[in-house]
Amino acid sequence: MKYILAPSILAADFKKLGEEIQVTEKNGAEYLHFDVMDGLFVPSISFGMPVLQSIKSCTNQVIDAHLMINEPIRYVEAFQKAGADLITIHLEACEDVHKTIKKIRECGMKVGISICPDTPVSALEEYVNEVDMILIMSVHPGFGGQKFIEESLTKIRMTREMLNRYGLETDIQVDGGIYTSNIENVLKAGANIIVAGSAVFKGNVQENTREFMEILNKYE
Ligand code: DX5
Ligand code: ZN
């Protein structure tokens, strides 16, 4: 299992976005987490395809687009064209999850499926054989800088157990409130792709990324 850092640019300084992204890449972050919010599925609005297209030209990181939008199926092609390598959808936001997953595959991208803190792990079972990654939200989606919900650790453990039952080594990503102080709990619970926004981009981006990578590299 590969252990990966996915810095969330939601917390970046947009005046120097390209530079900050490159610092995370140079220091070992293999993914770049791109949070898309529509003001409907979640209260806030973030950024979309034009920003992604521009970022794509400055990094070789895997572009991990987290679509916190209603009916993401409408934008699968647009995000693929803009440069997404992996699209994560919310189970709660799709009328037809299977169809949405199929559409992402047809467009040649990897598929992630996510659940909010109030959605049980059992809701994922129907889709385990169709996805490359499961994203367990450890905060209510919508904003960076929130506190990690401790109950998420149980959900991560349950998800890893479920995948083991199916004989799958699917990636488990966790997103929200992760710092170097609590990342090990998340990894020990069974996650292997860690999203961190504030903890990477607030302060010294190079030092922050290196500190995360030092921990993640112990798990390789
Ligand atoms: C929350 C977003 C997260 C967010 C994480 O809705 O999906 O990716 O940027 O930010 P931190 O790490 O600051 O909690
Ligand atoms: Zn996210």
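The rules behind each value
Residues numbered from 1 in each chain as written. Chains lettered and ligands numbered in written order. Predicted model: local features only at pLDDT ≥ 70, side-chain atom pairs only at ≥ 80, totals over all residues. Heavy atoms only, no water. Near = heavy atom within 4 Å. Polar contact = N/O pair within 3.5 Å; in protein donor to acceptor, adjacent residues only side chain to side chain. Areas by Shrake-Rupley, 256 points an atom, 1.4 Å probe, with all protein chains shown as cover. 1 Å grid on protein atoms, 1.4 Å probe; cavity = no way out; pocket = protein on both sides within 12 Å on 5 of 7 lines; lining within 4 Å. Sits in = over half its atoms within 2 Å of the grid points. Helix = DSSP H or I, 4+ residues; strand = E, 2+ residues; numbered from the N terminus. Nonpolar A, V, L, I, M, F, W, Y, C, P; charged D, E, K, R; others polar. Points joined across faces, edges and corners; volume = space filled by probe spheres on them. Salt bridge = Lys/Arg side-chain N within 4 Å of Asp/Glu carboxyl O. Buried < 20%, exposed > 50% of the residue type's maximum accessible area, 1.4 Å probe, protein only. Donors = N, O, S within 2.8 Å, 3.2 Å for Na, K, Ca; no water. Tetrahedral: all angles 85-135°; square planar, octahedral: opposite > 155°, others 65-115°. Contact = heavy atoms within 4.5 Å. Phe/Tyr/Trp six-rings, centres within 6.5 Å; stacked < 30°, edge-to-face > 60°.

*Asks:* I'd love a proper account of the site of ligand 1, names of residues and values included.
*Replies:* Looking at ligand 1, there are 20 residues lining it, with D35, G142, D175, G197 and S198 nearest. Here G177 contributes a backbone N or O atom positioned 2.8 Å from an oxygen atom of ligand 1. Within the side chain of S198, an N or O atom sits 2.5 Å from an oxygen atom of ligand 1. Within the complex, the protein chains bury 99% of what would otherwise be the 390 Å² of accessible surface of ligand 1. Of all the cavities here, the one that holds ligand 1 is the largest cavity. Those elements giving two or more residues to the shell around ligand 1 turn out to be strand 2 (31-37), strand 3 (62-68) and strand 8 (193-196). With 3 residues, strand 2 is the largest single contributor of residues to the shell around ligand 1. Among the residues making up the shell around ligand 1, the classes are represented as 8 nonpolar, 10 polar and 2 charged.

*Asks:* Tell me about empty space enclosed by the protein, and please be specific about residues and values.
*Replies:* Overall, the coordinates contain 1 cavity of 30 Å³ or more when judged by the stated rule. Roughly 230 Å³ of volume is contained in the largest cavity. Lining the largest cavity are 24 residues, with F143, G144, G145, D175 and G176 sitting closest to its centre. Elements that contribute at least two residues to the lining of the largest cavity include exactly strand 2, strand 8 and helix 7 (198-201). Residues of the lining of the largest cavity, tallied by class, amount to 13 nonpolar, 9 polar and 2 charged.

*Asks:* Tell me about the pattern of salt bridges, and please be specific about residues and values.
*Replies:* Within this structure, the stated rule accounts for 7 salt bridges. For E106, the salt bridge is made with K102, and the minimal N-O distance between the two is 3.4 Å. In this pair, E106 and K102 are both assigned in helix 4 (residues 97-106), 4 residues apart and thus about one turn of the helix distant. Accessibility assignment for this pair places E106 and K102 in one class, exposed.

*Asks:* An account of the coordination of the zinc ion (ligand 2) is needed here, citing residue identities and associated values.
*Replies:* Here the zinc ion (ligand 2) is held by H33 (NE2), D35 (OD), H66 (ND1) and D175 (OD), and the distances to it run 2.0 to 2.3 Å. One way to put it: the 6 donor atoms around the zinc ion (ligand 2) meet at angles of 70 to 170°, and that makes the site octahedral. Here the donor residues for the zinc ion (ligand 2) map to a single chain with the spacing H-x1-D-x30-H-x108-D. Of this pair, D35 sits in strand 2 while D175 sits in strand 7 (residues 171-175), and the two are 140 residues apart along the sequence. With a relative accessible area of 4%, D35 lands in the buried category.

*Asks:* Tell me what's going on with the environment of M133, and back it up with residues and numbers.
*Replies:* Position of M133 among the secondary structure elements: in strand 6 (residues 133-137). In this structure, the C-alpha to C-alpha distance between M133 and V111, residues 22 residues apart in sequence, is 6.4 Å. If near-sequence neighbours (up to four positions away) are discounted, M133 is found in contact with D64, L86, T88, V111, G112, I113, T170, D171, Q173 and I193.

*Asks:* Outline the packing of aromatic side chains, supporting the account with residue identities and numerical values.
*Replies:* On inspection of all chains with the given rule, the structure shows 3 aromatic pairs. Relative to Y219, the ring of Y3 lies with its centre 5.6 Å away and its plane at 50°, an arrangement referred to as tilted. Here Y3, found in the segment before strand 1 (4-7), pairs with Y219, found in the segment after helix 8 (205-218); they are 216 residues apart in sequence, far enough to count as distant. A ring pair is formed by F34 and F47, whose centres lie 4.7 Å apart and whose planes are at 50°; its orientation type is tilted. Of the two residues, F34 is situated in strand 2 and F47 in the loop between strand 2 and helix 2 (49-56); the sequence distance between them amounts to 13 residues. Here the aromatic residues F14, F34 and F47 are joined through ring pairs into a cluster of three or more.

Shape descriptors only; they carry no functional weight alone.
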